Amino acid sequence: MNLTSDQQILWQHGFVKLNGTIVTTWAMMIAMGLGSKLVTRKLKTEGAISRWQGLLEIVVTGIEKQIQDVGLNQPKKYLSFLGTLFLFVALCSLCIVIPGFRPPTGSLSTTAALALCVFVAVPLFGVRGQGLTGYLRTYTEPTVIMLPFNIISELSRTLALAVRLFGNMMSGVMIVGILLTITPFLFPIVMTALGLLTGMVQAYIFSILAAVYIAAATQVHKQAVSKAPPSG
Amino acid sequence: MLIDWFTVGAQALNFLVLVWLLKRFLYKPILNAIDAREKGIAGQLADADAKKTEAEKEQTEFQAKNKAFDEQRTALLQKAAADAGAERGHLLDDARAEADKLRSDQAIALRNDRTRLGNEITRTAKDEVFAIARKTLTDLAGASLEERVGAVFTRRLGQMDAQAKETMAGALRAASEPALVASAFDLPAAQRATIQNALNETFSADVRLRFETAGDAICGIEFSSNGQKIGWSIEGYLTELDRKVDELLDAQPAPASSPSMAASQQKTEPAKPDPKTAPSKRPPVEVAVGAGAR
């Protein structure tokens, strides 16, 4: 039994290979891009709007509000990254209701890729927010002794992000697959519904944790500056 | 091995492409649409606020104009009421003055009519009295009125007291022109002669006489010289007759045009005795001698 869709090799040429994870991800990308293009093609700026436009506005403004609630005062700067994280993971979780669909987020490679993206994005946003030295100084907070611990914390939380999402998504799919062989009737449906719930929760957790990491990286220096006595 | 590093790299690349796709086709259009709608709503709210402010301003102006209009209307109404009151007073005064003038004119006309009627009655009565007396004397005594008047005048001359006679004699002596004997009717030559003789005898002188028929002026016979007069007339009778006629006229009901005045006159004036039933006071025959007295 394949644990992940990575092992479904569709095409391979040396190191380069095309597996199920990549193909489903492309399908998800095409669906999301085309859906967005179709919905935003006829946006209305006044009067009654379409239901799809209303839904997307609710989703976008909801994500924006969540980012703002985390502490990022300019949510539009982070909306593309964090919103895409949430939408991708959430849509992958929703698609488990499709029979035979194996979500890309059930692959540790995908979750590791997402966690790596967060791992890279956090210092990028931090450097953009408070400069290179300002960001690097956060690793020595509160004292220099904490530098290795901070680095370990940065790496471990990336690993935790990847494994948490992978474990939850993969376990849900695996449980449904196992139960289908034992009790092929009602119980897998209940577990699928539960998997939908946990998938949405994991999407929210993943996005919020990424936002919290970015907020921590961009605001530590500001807090230090605000605590410093006024000069001059 | 759970992690395929090529897949990791590919998925990271896929994720970045997805980020760009969603940014291009989802976030930016949606956020732009939301911003445009919010801007439109803000514009509409600002427009509504501006219109509300304008409406409140216009309402304030309208209320101020309305108040000014009410005050102006009240002032105009008061002025109109005062003007109407003053005009009413003027009209009433004018009407009252007009009524007074009409009443005065009517009273004057009535008085003139009464005077003219009295004169007419007096003249007619005098003529009738003389005619009746003449006819009565002719029928009963076979004497003419002129003859009897002359006789009475002659007798009166004889009955004059000494002082009156002396006064008249002095006047005759002082007169440069002939004395005048005026009568209401033509005196026959015989009567003229009788009167001439009586005057000559009375004043013991040849009195020069000039006879005139005075018509309406004298109600009998009158002898005058140098401002002194002596005569006989029926003026007393006529005066009495005139008084009774006045009483009759006063007893007549007022004209229909002024019933209130007639009523007031009937109320205020005492009832006059009926001239037919009341005892007639026949005045004596007037014989007057004096300067200008008749």
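Residues numbered from 1 in each chain as written. Chains lettered and ligands numbered in written order. Predicted model: local features only at pLDDT ≥ 70, side-chain atom pairs only at ≥ 80, totals over all residues. Heavy atoms only, no water.

**As for the overall build of chain B**
Piece 1. Along chain B, the regular secondary structure elements total 6 helices and 5 strands.
Piece 2. For chain B, the sequential pattern of α-helices and β-strands runs α-α-α-β-α-β-β-β-α-α-β.
Piece 3. Expressed as a percentage of the 294 residues in chain B, the buried residues total 28%.
Piece 4. A fraction of 76% describes how many contacts in chain B between residues 6 or more apart in sequence connect residues 24 or more apart. (Helix = DSSP H or I, 4+ residues; strand = E, 2+ residues; numbered from the N terminus. Buried < 20%, exposed > 50% of the residue type's maximum accessible area, 1.4 Å probe, protein only. Contact = heavy atoms within 4.5 Å.)

**What to know about the nonpolar core**
Piece 1. The biggest cluster of nonpolar side chains holds 63 residues, and the ones touching the most others in it are Phe81(A), Leu82(A), Leu85(A) and Val118(A).
Piece 2. Only helix H1 (20-40), helix H2 (51-70), helix H3 (75-94), helix H4 (108-130), helix H6 (147-182) and helix H7 (186-227) of chain A together with helix H1 (5-141) of chain B provide two or more residues apiece to this core.
Piece 3. Here the element with the most residues in this core is H1(B); it accounts for 13 residues.
Piece 4. The contact partners of Phe81(A), leaving out residues within four places of it in the chain, are Cys117(A), Val118(A), Ala121(A), Phe125(A), Ile214(A), Phe15(B) and Val19(B).
Piece 5. Ala164(B), Ala179(B), Ala184(B) and Ile230(B) belong to the second-largest nonpolar core, a separate cluster that totals 30 residues. (Core = buried A, V, L, I, M, F, W, Y, C linked by side-chain atoms within 4.5 Å.)

**Looking at the interface of chain B and chain A**
Piece 1. Across the contact, 28 residues belong to chain B and 46 residues belong to chain A.
Piece 2. Carbon and sulfur atoms supply 76% of the area buried between chain B and chain A, which totals about 3400 Å² over both sides.
Piece 3. Looking only at chain B, the three residues that lose the most surface to chain A are Leu2(B), Phe6(B) and Phe15(B), adding up to 20% of its buried area.
Piece 4. For the interface between chain B and chain A, the tally reads 3 salt bridges.
Piece 5. When the shortest N-O distance is used, the salt bridge between Lys17(A) and Asp4(B) registers 3.2 Å.
Piece 6. Our count for the contact surface shared by chain B and chain A stands at 11 residue pairs in polar contact (both at pLDDT 80 or more).
Piece 7. The residue inventory of the side of chain B that touches chain A, partitioned by class, reads 21 nonpolar, 3 polar and 4 charged. (Buried area = accessible area lost by both parts, 1.4 Å probe. Salt bridge = Lys/Arg side-chain N within 4 Å of Asp/Glu carboxyl O. Polar contact = N/O pair within 3.5 Å; in protein donor to acceptor, adjacent residues only side chain to side chain. Nonpolar A, V, L, I, M, F, W, Y, C, P; charged D, E, K, R; others polar.)

**Notes on the pairing of strand E1 (residues 9-13) of chain A**
Piece 1. Sheet analysis places E1(A) next to strand E2 (residues 16-19) of chain A, joined by 4 bridges and oriented antiparallel. The residue bridging Gln12(A) from the neighbouring strand is Lys17(A), located in E2(A). (Pairing = 2+ DSSP bridges.)

**Side note on the pairing of strand E4 (residues 228-233) of chain B**
Residue and element names in this part refer to chain B.
Piece 1. The buried fraction of E4 is high, at 5 of 6 residues.
Piece 2. In this structure, strand E3 (residues 220-225) lies alongside E4, joined through 6 bridges in antiparallel fashion. Following the sheet pairing, Ser 225 is matched in E4 by Gln 228.
Piece 3. Hairpin connection of E3 to E4: 2 residues between the antiparallel strands, including Asn 226 at a positive phi of 50°.

**Let's talk about unusual backbone geometry**
When glycine is set aside, most residues are seen to have a negative phi, and most peptide bonds are trans.
Piece 1. With an omega dihedral of -10°, the bond running from Glu141(A) to Pro142(A) counts as a cis peptide bond.
Piece 2. Among the structural elements, Pro142(A) can be located in the loop between helix H5 (132-137) and H6.
Piece 3. In this model, Ser204(B) sits at a positive phi of 55°, which is unusual for a non-glycine residue.
Piece 4. Inspection of the secondary structure assignment puts Ser204(B) in the loop between helix H4 (189-203) and strand E2 (209-213).

**Notes on the confidence of the model for chain B**
Residues and elements named next belong to chain B.
Piece 1. Here chain B shows a mean pLDDT of 81. Residues at 70 or above account for 84%.
Piece 2. Of all the helices and strands in chain B, helix H6 (residues 259-268) carries the lowest mean pLDDT, 43, while H1 carries the highest, 92.
Piece 3. Below a pLDDT of 50 lies the segment residues 257-294, which in the model reaches 52 contacts outside its immediate sequence neighbourhood of four places, other chains included. (pLDDT = per-residue confidence, 0-100.)

**What about the pattern of salt bridges?**
Residues and elements named next belong to chain B.
Piece 1. Under the criterion given, the structure shown has 19 salt bridges over all chains.
Piece 2. A salt bridge links Arg 123 to Asp 127; its shortest N-O distance comes to 3.8 Å. Of this pair, Arg 123 and Asp 127 are both found in helix H1, 4 residues apart, which corresponds to roughly one turn of the helix.
Piece 3. A salt bridge links Glu 247 to Arg 243; the nearest nitrogen and oxygen atoms lie 2.6 Å apart. Taken together, the residues span about one helical turn, with Glu 247 and Arg 243 both in helix H5 (residues 235-251) at a distance of 4 residues.
Piece 4. The network of salt bridges with shared partners includes Glu 120, Arg 123 and Asp 127.

**Here we look at a nonpolar patch on the surface**
Residue and element names in this part refer to chain A.
Piece 1. Among the surface-exposed residues, Leu 10, Trp 11, Phe 15 and Val 16 lie close enough to one another that they form a single nonpolar patch of about 460 Å² accessible area.
Piece 2. By the secondary structure assignment, Leu 10 is in strand E1.
Piece 3. Exposure remark for Leu 10: the relative accessible area of 57% places this residue in the exposed category. (Patch = residues over 30% accessible without salt bridge, like charges linked within 9 Å, V, L, I, M, F, W, Y side chains within 5 Å. Areas by Shrake-Rupley, 256 points an atom, 1.4 Å probe, with all protein chains shown as cover.)

**A short note on H1(A)**
Piece 1. For H1(A), spanning 21 residues, the distance from its first C-alpha to its last is 30 Å, which sits close to the expected 30 Å at 1.5 Å a residue.
Piece 2. For H1(A), the full list of buried residues reads Gly20(A), Thr21(A), Ile22(A), Thr24(A), Thr25(A), Met28(A), Met29(A), Met32(A), Gly33(A), Ser36(A), Val39(A) and Thr40(A).
Piece 3. Taken together, the buried residues of H1(A) touch E2, H2, H3 and H4 of chain A together with H1 of chain B. (Expected span 1.5 Å × (residues − 1).)

**A look at the packing of aromatic side chains**
Piece 1. Under the criterion given, the structure shown has 6 aromatic pairs over all chains.
Piece 2. Measuring from ring centre to ring centre gives 5.7 Å for Phe81(A) and Phe15(B), while their planes differ by 85°; the resulting arrangement is edge-to-face. You can see Phe81(A) sitting in helix H3 and its partner Phe15(B) sitting in helix H1, one on each of two chains. The residues Phe81(A) and Phe15(B) share a single accessibility class, namely buried.
Piece 3. One aromatic cluster in this structure is built from Tyr78(A), Phe81(A), Phe125(A) and Phe15(B).
Piece 4. Across from the ring centre of Tyr213(A), 4.1 Å away, lies the NZ or CZ of Arg157(A), which sits over that ring. (Phe/Tyr/Trp six-rings, centres within 6.5 Å; stacked < 30°, edge-to-face > 60°. Lys NZ or Arg CZ within 6 Å of the ring centre and 35° of its normal.)

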